[in-house]
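Given next are the chains, with one letter for each unit.
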Amino acid sequence: MPDLETFRTDVRRWLDANAPASMRTPPAHPDDVCWGGAKGKYPDDVRRWLAAMGERGWTAPTWPSDYGGGGLSKDEAKVLGEEMAQQKLRPALIGFGLEMIGPLILQTGNEEQKREHIPRIVRGEVRWCQGYSEPGAGSDLAGLQTRAVRDGDDYVLNGQKVWTSYGDKSDWMFILVRTDTAQKQGGITFLLMDMATPGVQVRPILLISGSSPFCETFLTDARVPRRNVVGQENGGWNIAKMLLRFERNMIADVFKARDDRSRLLRMARQYLPSSDDGRLLDPVMRDRLTQMELDQLCMDLTLSRSRDRLKAGQPPGPEASIFKLYGTELNQRRRELMMDLAGPQGLGWEGPGFADDELTLTRDWLRSRGNTIEGGTSEVQLNIIAKNVLGLPD
Ligand SMILES: Cc1cc2nc3c(=O)[nH]c(=O)nc-3n(C[C@H](O)[C@H](O)[C@H](O)COP(=O)(O)OP(=O)(O)OC[C@H]3O[C@@H](n4cnc5c(N)ncnc54)[C@H](O)[C@@H]3O)c2cc1C
């Protein structure tokens, strides 16, 4: 289509002129990946790249330009993605704002909430975290006990959240609270909360590896304005479920368009013997690698179809649970395969004798174990698929 080709030329020119050279290489350190927010300390080029893309709205290419988004059609957004991939450019921004709460506010927020939050998400000014889980409410999320009691124009919040990923680095939280104790699902409200609110205390949870993305969040008489309710008071359960579908799509997508696919093949060449014409000699490993590539390709194509529907403005349905279930288990298989390929070199944790790549291998493998827990466990996804996709009885 001639218009799209003109657009492609313009995009290419703009990226040539605005993308810092260092953004054409993978991040040297996980902390260099830009999640935005006021608390993030990023290298200058990361900041410059975010500012350029954010101003253009291209961090959220298909979001409406009225709220700072790129206003691109899904075909134009695809062209932008292709050109960025062609130039090996990393995304200027990632995170829960773009993938979870932004799409949710666009679908269900009121006009005031869209105007307040969407432009700041697009520009990466605010980093968001998720306040769902509590010590007694994980899979049984509707059992949550954090109370919100009305007082004038505010709610007063008391309770505790747990496993708040990056709570200590975030500026705002979307949080589920109990506004009615007489009903379980029907007593939950979905709120937007500034983490700087007095009475909000975040404590990182230390893991055996020495650091952790997890936090506990304590709420003691924290006041949140009533205008920060998304939807209606006591109507938060359906909104919470819609957000989980965005989250499950995001988690399922954990490998798409990442360097890890080519990394797997690079690793096979590095660690396994091959014939003079480059054929891997080990037939079992050859078979496992081929199966992995095929399964990933099928997953990518199915996910792309679903993504196209999302870009066209349709909210994800319960089928997001299928992607979450399959994508996370595929990721774990991929990590296992990488460990098997590396053999003893996959045992590196720190110290000499291991390349940088090898040092991250074990950590990435361990991290992937959490994929089938976060955003709802695999067992919970199977329950949802059985009930809401296949229509089986309870
Ligand atoms: C990496 C990671 C990041 C996370 N980030 C966040 C975050 O940012 N914000 C947040 O709010 N939470 C976060 N969580 C918490 C996550 O949502 C919960 O851990 C998850 O929902 C499971 O709850 P639970 O840990 O209480 O386990 P439980 O609910 O106690 O489950 C224990 C076991 O019982 C099984 N089980 C429970 N109920 C059923 C059932 N009805 N049928 C069959 N099996 C069942 C589960 O599948 C699981 O195997 C994160 C978790 C991880 C691992």
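Please refer to the structure higher up on the page.
Description of the structure in this document.

Rules used throughout
- Residues numbered from 1 in each chain as written.
- Predicted model: local features only at pLDDT ≥ 70, side-chain atom pairs only at ≥ 80, totals over all residues.
- Heavy atoms only, no water.
- Helix = DSSP H or I, 4+ residues; strand = E, 2+ residues; numbered from the N terminus.
- Buried < 20%, exposed > 50% of the residue type's maximum accessible area, 1.4 Å probe, protein only.
- Contact = heavy atoms within 4.5 Å.
- Areas by Shrake-Rupley, 256 points an atom, 1.4 Å probe, with all protein chains shown as cover.
- Core = buried A, V, L, I, M, F, W, Y, C linked by side-chain atoms within 4.5 Å.
- Near = heavy atom within 4 Å.
- Polar contact = N/O pair within 3.5 Å; in protein donor to acceptor, adjacent residues only side chain to side chain.
- Nonpolar A, V, L, I, M, F, W, Y, C, P; charged D, E, K, R; others polar.
- Salt bridge = Lys/Arg side-chain N within 4 Å of Asp/Glu carboxyl O.
- Phe/Tyr/Trp six-rings, centres within 6.5 Å; stacked < 30°, edge-to-face > 60°.
- Axes fitted to C-alpha atoms, helices over the stretch in contact; angles between N-to-C directions.
- Parallel < 35°, antiparallel > 145°, perpendicular 65-115°, else oblique.
- Left-handed = near helix turned anticlockwise from the far one by under 90°.

**Considering the overall build of the chain**
Looking only at helices and strands, the chain has eleven helices and seven strands in total. Going through the 394 residues of the chain one by one, you find that 47% of them count as buried. For the chain, the proportion of contacts with a sequence separation of at least 24, taken over those separated by at least 6, is 71%. Looking at the chain as shown, the accessible area adds up to about 19700 Å², and 52% of this sits on carbon and sulfur atoms.

**Concerning the nonpolar core**
In terms of nonpolar packing, the biggest core is built from 58 residues, with Trp49, Ile101, Trp128, Tyr132, Phe174, Phe190 and Leu192 touching the most fellow members. For this core, the elements supplying multiple residues, two or more each, are helix 1 (2–18), helix 2 (44–56), helix 3 (74–86), helix 4 (96–108), helix 5 (111–122), strand 4 (172–178), strand 5 (188–194) and helix 6 (236–252). Element by element, the count of residues in this core is highest for helix 6, at nine residues. Setting aside anything within four residues of it in sequence, one finds Ile101 in contact with Phe96, Ile121, Trp128, Phe174, Phe190, Leu192 and Leu243. Ala268, Leu272, Met299 and Phe323 belong to the second-largest nonpolar core, a separate cluster that totals 19 residues.

**Notes on the site of the ligand**
Among the 17 residues in the neighbourhood of the ligand, the closest are listed as Ser133, Ser139, Ser165, Thr377 and Glu379. Contact between the ligand and Ser165: a nitrogen atom at 2.7 Å from a side-chain N or O atom of the residue. Residue Asn383 places a side-chain N or O atom 3.1 Å away from a nitrogen atom belonging to the ligand. In the complex, 64% of the free accessible area of the ligand, which totals 970 Å², lies under the protein chains. Here the residues of the shell around the ligand are counted per class, giving four nonpolar, ten polar and three charged.

**Side note on the pattern of salt bridges**
One pass over the full model with this rule turns up 24 salt bridges. Its salt-bridge partner being Arg150, residue Glu233 comes within 2.9 Å of it at the nearest N-O pair. Within this pair, whereas Glu233 is found in the loop between strand 7 (215–225) and helix 6, its partner Arg150 is found in strand 2 (residues 147–151), the two being separated by 83 residues in sequence. Classification of Arg150 as partly exposed rests on a relative accessible area of 45%. Counted as one network, the salt bridges with shared partners bring together Glu5, Arg8, Arg12, Glu82 and Glu83.

**Quick word on the packing of aromatic side chains**
The tally for this structure, following the rule as stated, stands at nine aromatic pairs. Judged by centre distance (6.4 Å) and plane angle (70°), the rings of Phe7 and Trp58 are edge-to-face. Here the residue Phe7 occupies a position in helix 1, and Trp58 occupies one in the loop between helix 2 and helix 3, the gap between them amounting to 51 residues. Neither residue differs from the other here; Phe7 and Trp58 are each classed as buried. Aromatic side chains Trp35 and Phe96 sit 5.9 Å apart centroid to centroid with 70° between the ring planes, which places their arrangement in the edge-to-face category. Here Trp35 is found in the loop between helix 1 and helix 2, whereas its partner Phe96 is found in helix 4, with 61 residues between them in sequence.

**Points about the packing of helix 4 against helix 5**
Following both chains from N to C, one finds helix 4 and helix 5 inclined at 160°, their axes separated by 10 Å at the closest point. Taken together, the axis directions place helix 4 and helix 5 in an arrangement best described as roughly antiparallel. Note on packing geometry: the crossing formed by helix 4 with helix 5 is left-handed. Contacts between helix 4 and helix 5 pair Gly97, Leu98, Ile101, Gly102, Ile105 and Leu106 from the former with Gln113, Lys114, His117, Ile118 and Ile121 from the latter. When its residues are assigned to classes, the contact of helix 4 with helix 5 shows six nonpolar, four polar and one charged.

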